[in-house]
Amino acid sequence: LRRLNFSSLCKDHSYYKPRQIVEHLNKFIVGQDEAKKAVSIAMRNRWRRQRLPEEQKNEIIPKNILMIGPTGCGKTEIARRIAKLSQAPFIKVEATKYTEVGFYGKDVDQIIADLMEVSILMMKKNLAEKHKETAKSEVELKILELMSAQYGKEFSLEDLQNGNLDDMSLIVNVSSEKETQPMVQQEISNMFVSLGIMRLEGDSKKTEKKKMSVNEAKKTLEDEAIAKMIKTEDVVPDAIKSVEQNGIVFIDELDKICHPSDYSGRDASAEGVQRDLLPLIEGSSISTKYGNINTDYILFIGSGAFSQCKPSDLLPELQGRLPIRVELKGLTEEDLYRILTEPVANLIIQQKALLASEGVELAFNDRAVREIARVTELANRTLENIGARRLHTVIERVVEEISFNAPNKEKGTTIEVTAELVKSRVDDLLIASDLSKYIL
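So, here's what we can say about the structure. Per chain, residue numbering runs from 1 following the sequence as it is written. With pLDDT at 70 or above as the cut-off, local features in this predicted model cover only qualifying residues; side-chain atom pairs require 80 or more to be listed or tallied, and sums for whole chains, interfaces and linings still use all residues. The side-chain figures draw on all heavy atoms in the structure; neither hydrogens nor water molecules are used.

## Observations regarding the packing of helix α2 (residues 18-26) against helix α3 (residues 33-49)
Working note: a packed helix pair is described by the angle between its axes plus the distance between those axes. Applied cut-off: In this analysis, axes come from line fits to C-alpha atoms, helices being fitted only over the stretch in contact, and the angle between any two N-to-C directions falls in the range 0 to 180 degrees. Runs of E in the DSSP output that reach at least two residues are strands. Runs of H or I that reach at least four are helices, and both are numbered from the N terminus. Every angle not falling under 35 degrees, over 145, or within 65 to 115 is termed oblique; those three ranges are roughly parallel, roughly antiparallel and roughly perpendicular. Crossing handedness is defined as follows: a turn of the near helix away from the far one that is anticlockwise and smaller than a right angle gives a left-handed crossing, while the clockwise case is right-handed. Note on contacts: a residue pair is in contact if any heavy atoms of the two residues lie within 4.5 Å. Three categories are distinguished: nonpolar for Ala, Val, Leu, Ile, Met, Phe, Trp, Tyr, Cys and Pro, charged for Asp, Glu, Lys and Arg, and polar for the others, with Gly belonging to the last.
Here α2 crosses α3 at 135 degrees, and the two axes come no closer than 8 Å. If you check the angle between α2 and α3, you find them oblique. As for the relative orientation of α2 and α3, their crossing is right-handed in sense. Residue-level contacts link Pro18, Ile21, Val22, Leu25 and Asn26 of α2 to Asp33, Lys36, Lys37, Ser40, Met43, Arg44 and Arg48 of α3. Grouping the constituent residues of the contact of α2 with α3 by class yields five nonpolar, two polar and five charged.

## Describing the pattern of salt bridges
Note the threshold: Definition used for salt bridges: Asp or Glu carboxyl oxygen within 4 Å of a side-chain nitrogen of Lys or Arg.
Evaluation of the coordinates by the stated rule reveals 21 salt bridges. In this structure, Glu282 and Arg321 form a salt bridge, with 3.1 Å as the shortest nitrogen-oxygen distance. On the criterion of sequence distance, the pair formed by Glu282 in helix α11 (residues 271-282) and Arg321 in the loop between α12 (316-320) and β9 (324-327) is long-range, its members being 39 residues apart. For Arg370, the salt bridge identified is with Glu334, shortest N-O distance 3.5 Å. Remark: Glu334 occurs in helix α13 (residues 333-341) and Arg370 occurs in helix α15 (residues 366-382); sequence separation between them is 36 residues. Linked through salt bridges whose partners overlap, the residues forming this network are Glu77, Arg80 and Arg81.

## Here we look at the environment of His24
When you line up the elements, His24 lands in helix α2. Sequence separation between His24 and Arg81 is 57 residues; the distance between their C-alpha atoms is 8.8 Å.

## Thoughts on the environment of Glu342
Mapped onto the fold, Glu342 is located in the loop between α13 and α14 (347-356). For the pair Glu342 and Asn26, spaced 316 residues apart in sequence, the C-alpha to C-alpha distance is 8.7 Å. Once you skip the residues sitting within four places of it in the chain, Glu342 turns out to touch Lys27 and Val30.

## Some thoughts on the sheet that holds strand β2 (residues 90-94)
In a beta sheet, neighbouring strands pair by backbone hydrogen bonds and run either parallel or antiparallel. The cut-off we apply is this: A pair of strands is considered paired only if DSSP assigns at least 2 bridges between the two.
Pairing is parallel in the open sheet, where five strands are placed in the order β2-β5-β8-β1-β9. Both outer strands of the open sheet, β2 and β9, are each paired with one neighbouring strand and no more. Strand-to-strand twist in this sheet, taken as the mean axis angle between neighbours without regard to direction, amounts to 15 degrees. In this sheet, β9 lies alongside strand β1 (residues 65-68) in parallel orientation, the contact comprising four bridges. Paired with Ile65 across the bridge in β9 is Ile324. Docked against the sheet, α3 engages β1, β5 (248-252), β8 (299-304) and β9, running at close to 150 degrees with respect to β9.

## Focus on the nonpolar core
Heads up, the condition is: By nonpolar core is meant a set of buried Ala, Val, Leu, Ile, Met, Phe, Trp, Tyr and Cys residues that side-chain atoms within 4.5 Å join together. Each residue's exposure class comes from its accessible area (1.4 Å probe, protein chains only) as a fraction of the maximum for that residue type: buried when under 20%, exposed when over 50%, partly exposed otherwise.
By size, the foremost hydrophobic cluster in this structure holds 60 residues, and its most contacted members are Met116, Ile143, Leu254 and Leu277. Secondary-structure elements contributing two or more residues to this core are β1, β2, α6 (109-151), β3 (169-175), α9 (214-229), α10 (232-246), β5 and α11. Per-element accounting of this core gives the leading share, 13 residues, to α6. Apart from the residues within four sequence positions on either side, Leu277 is in contact with Val108, Ile111, Ile251, Leu254, Ile257 and Leu318. One finds Leu336, Val369, Ala373 and Val417 within the second-largest nonpolar core, a separate group that totals 29 residues.

Shown next as structure tokens:
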């Protein structure tokens, strides 16, 4: 297989300008302009750095970001949307999943190993698109041969391509789906990997005969044909380069591995994890089964609510490695109203679409939407503040009976949700003594 050209895969997306990235995020996330700007500039700087002379490029390191804000205000959603927008290797991890080296649990080095897996999958996906037509042609000829042998007559390529044969059945040899390694064998395999010996792919795969439709056989055989054309060892060098030069790591729940300054005690998931994160974020060489990964130019974005502690309670060295600090604001009643009306896939649109599948039209008047926002803000203020996630609780409560009875309604029925209906459905949510079942 011809070696990949890394630069050709790093396409020149000139539309990834900070203003356009923010405009894209505005379609899904209300407010939080400061955080959107910081993330958009960081993404654009990745693009800018790739266009500098080599000697300058090596001197410029990413300015890592720390996002601070209450739960449900959009921190994770910004990361999720950036992940979809970015074509760079991206991974979101929870800081609480990791423990200090020497304790049972995951080491932070696993973050880079997982990011490497993401990069390899991206490289394979890019190559798969290039090989799709070749694989399709090979599979079509193979299917015609199998059908000729099994049915005892010839079939035309045109009929196959037009879908005229899709419903016919066919027996094909496919890779066994139930291939698993015993635990001891898996541990031995991992030991060889740690010694730098990569397992060869495709040599020991078992096959089994399966009866399926021609349409299913096309997809299954195409996937297998593409998998044979793309070997992991062929994409590893470019995947490593992509991680090192363009990788982005989003570390959520940083406040959960931090204790107030007056805390005394030992926690394998707290200060020790912070110390282990220091070399990772500052820049070091991490050993993975694919080789050593240099983290000098990986962008790290940390986030946390910091409700029980302050960012200043993090280790000073870790604070220094997250120099850009942005604060996300708590959501007001007006923000919650905008969340219900402005995003392209807001919760109101989702509820309407779900009931439309039953032939029932659901209509929310403006007063009802504002009442939902008011109740949500009040519940967050008087109970536990869980931000925009509370909207799910309130809306489900409002449409519960409507959704339950929708299948029994006549097609074309219109149901209007009014402010009075909202009040009648959610008033008990605010006054009930046991609210646990309504809290996400």
